[in-house]
Amino acid sequence: MNQPPAPLSARRRLAVVVVAVLVLAGGSLGYVLHARDRDGAQQAVADASFTLSAPGLYFRDTATGRVARRPLGTPGPRAAGGPSCERFYAAGGTALCLRRLAGLPVRTQALVLDRRLREVRRVTVPGIPNRARVSPSGRLLAWTAFAVGDSYATSGFSTRTSVLDLRTGYLIKSIEGIPLTVDGSRYHAPDVNFWGVTFADDDRFYATVSTRGHTFLVAGDLKTWSARALRRNVECPSLSPDGTRVAFKKRVTSGPDAPWRLYVLELSTLREHPLAEPQSVDDQAAWLPDGRVAYALPAHSGRPAGIWSVPGDGTGAPELLAAGATSPSPVG
Amino acid sequence: MYLATTGRRDAPSPSATGGGGRRVPGVVLALGAVSLVTDISSEMVTAVLPLYLVLGLGLSPLQFGFLDGLFNGVTALVRLLGGRAADRGGRHKRIAGLGYLLSAASRLGLLLAGGAASGIAAALATDRLGKGIRTAPRDALISLSGPPETLGRAFGVHRAMDTTGALLGPLAAFAVLWATADAYDAVFVVSFCVGLLGVLLLVLYVPGGAEPVAPRAPAPPARAALGDRAFRRVLYAAALLGAATIGDSFVYLLLQRGLDIPLDWFPLLPLGAAAGYLVLAVPAGRIADRVGRRLPFLWGHAALLAVYVLLLTHATSPLLLVPVLALLGVFYAATDGVLMALAGPALPVRGRAGGLALLQTAQAVARLAGAAGFGAAWTAWGERQALWVAAAALLLALAGATALLPAEVERRDSAPLEGSSPKGQHP
């Protein structure tokens, strides 16, 4: 901070302020207009040629924000042209595309798309898009949004998980109300949070519940409207196609650095083993038909950001499936 | 005689009743304008930062919470350094200006950091550093701006302008996000420009470049202020009451849960309290000038006690909303600036920034401990029990503070810095 060399007269000072306001306001306005033109409108609709009919690994291309696909298994060219989504998942001929609406309060738009990626239904909920899943038949959809300012730490986040049943059209805006059993007794706590649903069939699902600083793997049933905690320290479960194993995030350190590792849990024995990914993974993994598990990672120590995969049995090494991509969703 | 008043044609001689009718010193208006503009700039960023980090950069909420907590703790310590540096040679304006400039520059840091977490952390740290540095010198400048009898109103005017900026900031940020379809970088650029304007206003309109009398005498270290009995008592009382404060976020959360307020509306609750503060800051300051600052400071905390009691007795009544937010506004209006006006005159001119910094830090640390304690009590015993405990603690603290606070703060050499002479006062 330097003082002006000599005190300015009131008139001079005012002139300086006026000029500064004009320059700064002009600069601001210019940048705002530039930013407005730069970010083109979101491509809401998929190109006509891009549908769910082609098998492959579908994902969100980070550069364009649109859904793209590459062949499963063998390396091959990328096909682009899907809808713009922040989170995407597809199964059984139904796709779920989560999109954040511009402006505030923060809202998430869940778009239900058919096999040709045309809109079937749209639901708007408060919060930031986070997880998306579709049941194998394509009839049930679940998504999670982060809500800001819900917890007593001002910077805290909490989650809201919704389930939509396409058979009846019924929408459960938040499944927090489902009767929950922990350690054999009915559990009541105001801070129960659900996230990361994965469907076994059109009634049964697995999800994460967090309460009082613990996370649980819960098994839920929509028909009997009940949920039961199976195991501690399991987040973002992903059920294998045969329904016997769950890939999940396990918290291995309490600090903010590298808190999670990918594990697989055998549901019959409740025995778990780590996967061969040494990095912390903050994603809901997706099982590939060949028994591998796919997940998104940010760039870290020389490895590019993108969708990586490791074998589900704990062997092998991470392999890059798609650079600059998130939201892995295999479609057979 | 106060230099700030002797040269003014329209200034009557300081009277025992103080307060009423007289104009607020130009330096206060100038600092108020600087704070208003700067708060627009900083609240723009505060409002969008969680969204930017989590949505734009994909930081996990856990990492964000960690960064946020880390830097909030740093501010308290930097404040002491800022106060000390300002006292040394009376460099209040320069140190405050450096603080404003650092915060403005941190927006460019956010812009340039792109997605790099380390760059963002550095930018956030720079912002908090700037905020920590500037607060005590700025409050010292206000408290040296005029006779002690009018300080309550001076701080009231400053805080009202400051809060106006804080209310406008999020609106500006949301307007930019809306206009650009969520271009966070545009928010940072606009915030940077607004911040620069704040620095410019400070440079042009706030006097304080001149060295104070006897510049070579070393400034007393902040802890020397503790040697003053009156100041010590104010400090202890503020810390005692601070430790019995549960933190606004808890009050908003209790309101939200009790009344089942939709989450979309949750961010509006603090705006309600801020509006109350804005409206009441000047009247509270004037009352404080008239009846002494001790009573408003105590009554302000009594208003907070009333908030606890309302939450305990009418937890689910929708009629609760307005009185609770209004009482929170009263609490801030009657305590924030008033405390500075209460303590300022007890401090020697050349140790004022350091002393005020010490007081602010003590209060902030005590409030942090109070909020953490309440959080722990809530977890252990449930919200109602925790609230009962908080109410009892506040009642005890009020009794203690009533006994501690001196009836009339002894005035030290209250002559303002030469720089705040009338020459520089007309905007």
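Residues numbered from 1 in each chain as written. Chains lettered and ligands numbered in written order. Predicted model: local features only at pLDDT ≥ 70, side-chain atom pairs only at ≥ 80, totals over all residues. Heavy atoms only, no water.

What follows is about the overall build of chain A. Secondary structure assignment for chain A yields one helix and 25 strands. The proportion of buried residues among the 332 residues of chain A is 52%. Taking all contacts inside chain A whose residues are at least 6 apart in sequence as the whole, residues at least 24 apart take part in 41%. By element, 55% of the accessible surface of chain A is carried by carbon and sulfur atoms, the whole surface being about 14,800 Å². (Helix = DSSP H or I, 4+ residues; strand = E, 2+ residues; numbered from the N terminus. Buried < 20%, exposed > 50% of the residue type's maximum accessible area, 1.4 Å probe, protein only. Contact = heavy atoms within 4.5 Å. Areas by Shrake-Rupley, 256 points an atom, 1.4 Å probe, with all protein chains shown as cover.)

The next subject is the packing of aromatic side chains. Residues and elements named next belong to chain A. On inspection of all chains with the given rule, the structure shows six aromatic pairs over all chains. Taking 5.8 Å as the distance between ring centres and 75° as the angle between the ring planes, the aromatic pair formed by Phe50 and Tyr58 counts as edge-to-face. Here Phe50 matches Tyr58 in class, with each residue buried. Connected via pairs of aromatic rings, a cluster forms that spans Phe50, Tyr58 and Phe88. The ring of Phe50 has Arg69 lying over it, and the distance from NZ or CZ to the ring centre is 4.8 Å. Positioned above the aromatic ring of Trp260 is the side chain of Lys249, whose terminal nitrogen or guanidinium carbon lies 3.9 Å from the ring centre. (Phe/Tyr/Trp six-rings, centres within 6.5 Å; stacked < 30°, edge-to-face > 60°. Lys NZ or Arg CZ within 6 Å of the ring centre and 35° of its normal.)

Here we come to the nonpolar core. Counting residues in each nonpolar core, the largest one holds 126 residues, and the members touching the most others are Tyr308, Leu359 and Phe374 of chain B. The dominant element in this core, judged by the number of residues it contributes, is helix H2 (residues 26–56) of chain B, at 15 residues. Other than its neighbours up to four places away in sequence, Phe374 of chain B contacts Ile246, Phe250, Leu254, Ala386, Leu387 and Ala390 of chain B. Of all hydrophobic cores here, the second largest spans 21 residues; its members include Val163, Ala189, Val209 and Val218 of chain A. (Core = buried A, V, L, I, M, F, W, Y, C linked by side-chain atoms within 4.5 Å.)

Another point: a nonpolar patch on the surface. Residues and elements named next belong to chain B. Taken together, the side chains of Ile287, Val291, Leu295 and Trp299 define a hydrophobic patch exposed on the protein surface, amounting to about 430 Å² of accessible area. When contributions to the nonpolar patch are tallied by element, the ones reaching two or more residues are helix H10 (268–291) and helix H11 (294–313). Checked against the element boundaries, Leu295 lands in helix H11. According to the relative accessible area criterion, Leu295 is partly exposed, its value standing at 39%. (Patch = residues over 30% accessible without salt bridge, like charges linked within 9 Å, V, L, I, M, F, W, Y side chains within 5 Å. Salt bridge = Lys/Arg side-chain N within 4 Å of Asp/Glu carboxyl O.)

All names here are of chain A. Mapped onto the secondary structure, Thr161 falls in strand E9 (residues 157–165). According to the relative accessible area criterion, Thr161 is buried, its value standing at 2%. Of the polar contacts made by the side chain of Thr161, one reaches the side chain of Thr144; its length is 2.9 Å. The residues contacting Thr161, other than those within four sequence positions of it, are Trp143, Thr144, Ile172, Lys173, Ser174, Ile175, Phe194, Trp195, Gly196 and Val197. (Polar contact = N/O pair within 3.5 Å; in protein donor to acceptor, adjacent residues only side chain to side chain.)

Below, the discussion takes up the pairing of strand E5 (residues 107–113) of chain A. Residue and element names in this part refer to chain A. With six of seven residues buried, E5 is to be regarded as a mostly interior element. Bridging between strand E4 (residues 94–101) and E5 involves seven bridges; their strand directions are antiparallel. Directly across from Leu98, in E5, lies its bridge partner Ala110. Inspection of the sheet shows E5 paired to strand E6 (residues 119–126) by seven bridges, in the antiparallel sense. Directly across from Ala110, in E6, lies its bridge partner Val123. Between the antiparallel neighbours E5 and E6 lie five residues, among them Leu117 with a positive phi of about 60°. (Pairing = 2+ DSSP bridges.)

Residue and element names in this part refer to chain A. Mapped onto the elements, Ser327 comes out in strand E25 (residues 325–331). Within polar-contact distance, the side chain of Ser327 engages the side chain of Arg87 at 3.5 Å. Among the polar contacts listed, one links the side chain of Ser327 to the backbone nitrogen of Phe88, at a separation of 3.1 Å. Not counting the four nearest positions on each side in its chain, Ser327 is found in contact with Tyr58, Phe59, Arg60, Glu86, Arg87, Phe88 and Ile307.

Residue and element names in this part refer to chain A. Read across the open sheet, the four strands follow the order E21-E22-E23-E24; overall the sheet is antiparallel. The strands lining the two open edges of the sheet, one partner per strand, are strand E21 (286–287) and strand E24 (319–323). Taken together, the two bridges between E21 and strand E22 (residues 292–297) define a ladder with antiparallel strand orientation. Of the residues in E22, the one forming a bridge with Trp287 is Val293.

The next subject is the confidence of the model for chain A. Across chain A, the average pLDDT comes to 87, with 92% of residues at 70 or higher. Below pLDDT 50 for its whole length, residues 149–155 of chain A participates in 22 contacts with residues either more than four positions away or in separate chains. (pLDDT = per-residue confidence, 0-100.)

The subject of this paragraph is the sheet that holds strand E18 (residues 245–251) of chain A. The strands that make up a sheet are held in pairs by hydrogen bonds between backbone atoms, and each pair lies either parallel or antiparallel. Residue and element names in this part refer to chain A. Here we have four strands laid out as an open sheet, ordered E17-E18-E19-E20, and antiparallel in their pairing. Both edges of this open sheet fall to strand E17 (235–239) and strand E20 (271–274), since each of them pairs with a single strand only. Taken over all neighbouring pairs, the strand axes of this sheet differ in orientation by 30° on average, direction set aside. Strand direction decides the pairing type here: E18 and strand E19 (residues 260–266), joined by seven bridges, are antiparallel. (Axes fitted to C-alpha atoms, helices over the stretch in contact; angles between N-to-C directions.)

The next point concerns the packing of helix H6 (residues 151–180) of chain B against helix H7 (residues 184–205) of chain B. Helix-helix packing: each pair is described by the crossing angle between the helix axes and the interaxial distance. Residue and element names in this part refer to chain B. The geometry of H6 relative to H7 is characterised by a closest axis approach of 9 Å and an angle of 135° between their N-to-C directions. Regarding the angle of H6 to H7, the classification is oblique. Between H6 and H7 lies a crossing whose hand is right-handed. Contact residues: H6 offers Ala173, Val176, Leu177 and Thr180, while H7 offers Tyr184, Ala186, Val187 and Val190. Looking at side-chain class alone, the contact of H6 with H7 contains seven nonpolar, one polar and no charged residues. (Parallel < 35°, antiparallel > 145°, perpendicular 65-115°, else oblique. Left-handed = near helix turned anticlockwise from the far one by under 90°. Nonpolar A, V, L, I, M, F, W, Y, C, P; charged D, E, K, R; others polar.)

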